[in-house]
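Spelled out from the first residue to the last, the chains are:
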Amino acid sequence: VSAYRLPLKRGQPPGSSHGSRPLGLAGHQGDILSMCPSYTESHSTGGGGGPLLLTAGDDRTARLWALAGPHAGAELIRFERLKGSQAVSSLEENPLFEQVQDAQFLCLDGAVALATASRLAVYRFQLHLQDTSDDIKRLQRLGSYKCCGLLTLPKEPTAGQSLVAIAANNAVLSGTVLVASSSKRVYVWDVAAEKVLAAVNTHSRPLTCLRLAQPASWASASMDVFYTAALDGIIKLWDLRSMQECRSFRGGHIHSAQRTRCRLSPCLRYLGAPSEDGSVCVYDVRTGHVLGSKHCHRDACVSVDVQPRTGSMVSCGFDGMVQFFRSPRPAGPTGQPPGGGIKDSRPRESLREVEMELPF
């Protein structure tokens, strides 16, 4: 993982003496399947302060990283055993994970949820302070974890064999977790009560994206929205209270083979969707119509995200590029851009693009 500090400088290649130097997080021995940043910072912990990052990989592990502080770029915890890091070490009593498909923070970073095979594993973790004056204690591990719950898919023919994605609202103290199974079915779990609250069949083909809405204003109604994307080329918006489909989005993007991930804007008015033809499509949530699209990748575009503070959009693709988009600046009272400069005679685009080439 390469972590860049924003904003990036236009025209400066990342990693150069004048550009942003990335923070490298190296350790996974397989493809990285998901990333989840922390909501808070690791105050007064072994992480040394600053935000954390949780990743899940195809090497059957999940890892917790420090993004700032004295341990920036270091692996704090490696989640690899079912019961915890300080349980008995025999493989029979504390086996290794079979697989880890997704990882999410829960309850303001108070816990971690992992999708491993057909089970949802919930862990409490602790970051340890280091004694730099003692060489032996200084080399001890930075954190530990312990399993506090295992939830298994219901034993029914439509449940599927494994979990493929999980979603949770880490910004509130909520025990509600959504999981998607290999049978295209989404379950709503209460991890505190350890029971299934609701279930719904979503798509005709396998799911690749399951996310809860993260609204800018914490109204109760706006938090009861989640959305799914599948290989049938359809994105669906759902009401969590009734488990009914509210809106579907199709026609503006291509999704039939890759694991792509879309994003709903914090204002809940726009939906950014990647497309396998290398373009990015923006839908109007109220009508379901396409607002616009832009071809910006030489290969398949696989993920779209939105910066919650600035509202800018980011896309990445198999061409090794990360594209940043921002809204055009509004014109002043005289029709000129703010600042009183010369009027720009170039046609304004709906999205302005800043290109960044990653070093791989």
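Cut-off values and rules
Residues numbered from 1 in each chain as written. Predicted model: local features only at pLDDT ≥ 70, side-chain atom pairs only at ≥ 80, totals over all residues. Heavy atoms only, no water. Core = buried A, V, L, I, M, F, W, Y, C linked by side-chain atoms within 4.5 Å. Buried < 20%, exposed > 50% of the residue type's maximum accessible area, 1.4 Å probe, protein only. Helix = DSSP H or I, 4+ residues; strand = E, 2+ residues; numbered from the N terminus. Contact = heavy atoms within 4.5 Å. Patch = residues over 30% accessible without salt bridge, like charges linked within 9 Å, V, L, I, M, F, W, Y side chains within 5 Å. Areas by Shrake-Rupley, 256 points an atom, 1.4 Å probe, with all protein chains shown as cover. Salt bridge = Lys/Arg side-chain N within 4 Å of Asp/Glu carboxyl O. Pairing = 2+ DSSP bridges. Axes fitted to C-alpha atoms, helices over the stretch in contact; angles between N-to-C directions. UniProt positions renumbered as here; feature names shortened; annotations may be inferred. Polar contact = N/O pair within 3.5 Å; in protein donor to acceptor, adjacent residues only side chain to side chain.

Turning next to the nonpolar core. Of all hydrophobic cores here, the largest spans 23 residues; its most connected members are L64, F79 and F125. Counting residues per element, the ones that place at least two in this core are β4 (52–57), β5 (62–66), β6 (75–79), β7 (102–106), β8 (111–116) and β9 (119–127). With four residues, the top contributor of residues to this core is β9. Leave out the neighbours within four places in its chain, and F79 touches L54, R60, T61, A62, R63, L64, F97, V112, L114, Y123, F125 and Y145.

Residues Y39, L108 and L173 make up a contiguous nonpolar surface patch of about 320 Å² in total accessible area. Checked against the element boundaries, L108 lands in the loop between β7 and β8. For L108, a relative accessible area of 32% translates into the label partly exposed.

To continue, consider the pairing of strand β16 (residues 225–230). Side-chain positions along a regular strand alternate between the two faces of the sheet. Counting buried positions over the six residues of β16 gives six, a clear majority of the element. In β16, alternate side chains face the same way, and those of V225, Y227 and A229 on one face and F226, T228 and A230 on the other are all buried. Note that strand β15 (residues 207–212) and β16 share five bridges and pair antiparallel. Directly across from C209, in β16, lies its bridge partner A229. Once β16 ends, the chain turns through four residues before running back antiparallel as strand β17 (residues 235–239), passing G233 with a positive phi of about 80°.

Read from one edge of the open sheet, four strands run β11-β12-β13-β14, paired in antiparallel fashion. Strands with a single pairing partner mark the edges of an open sheet, and in this sheet they are β11 (163–168) and β14 (195–201). Strand-to-strand twist across the sheet, computed as the mean angle between neighbouring axes with direction ignored, equals 20°. Across five bridges, the pairing between β11 and strand β12 (residues 176–181) is antiparallel. Its bridge partner lying in β12, A167 is registered against L178.

The UniProt record annotates "repeat: WD" (unreviewed entry) at residues 226–248. Between the end C-alpha atoms of residues 226–248 there is a gap of 12 Å, over a span that is 0% helix and 65% strand.

Strand order in the open sheet made by the four strands is β19-β20-β21-β22, with antiparallel pairing throughout. Strands with a single pairing partner mark the edges of an open sheet, and in this sheet they are β19 (263–264) and β22 (290–295). In the sheet, β19 pairs with strand β20 (residues 270–274) via two bridges, with the strands oriented antiparallel. Looking at β20, one finds that R263 is bridged to G272.

This part takes up the side chain of T228. Along the chain, the position of T228 falls in strand β16. Here the side chain of T228 touches H203 through a polar contact of 2.7 Å, side chain to side chain. Looking at T228, its side chain comes within polar contact range of the side chain of W238, at 3.1 Å. If we skip the residues at most four places from it in the chain, T228 touches V186, T202, H203, L207, C209, L210, I234, I235, K236 and W238.

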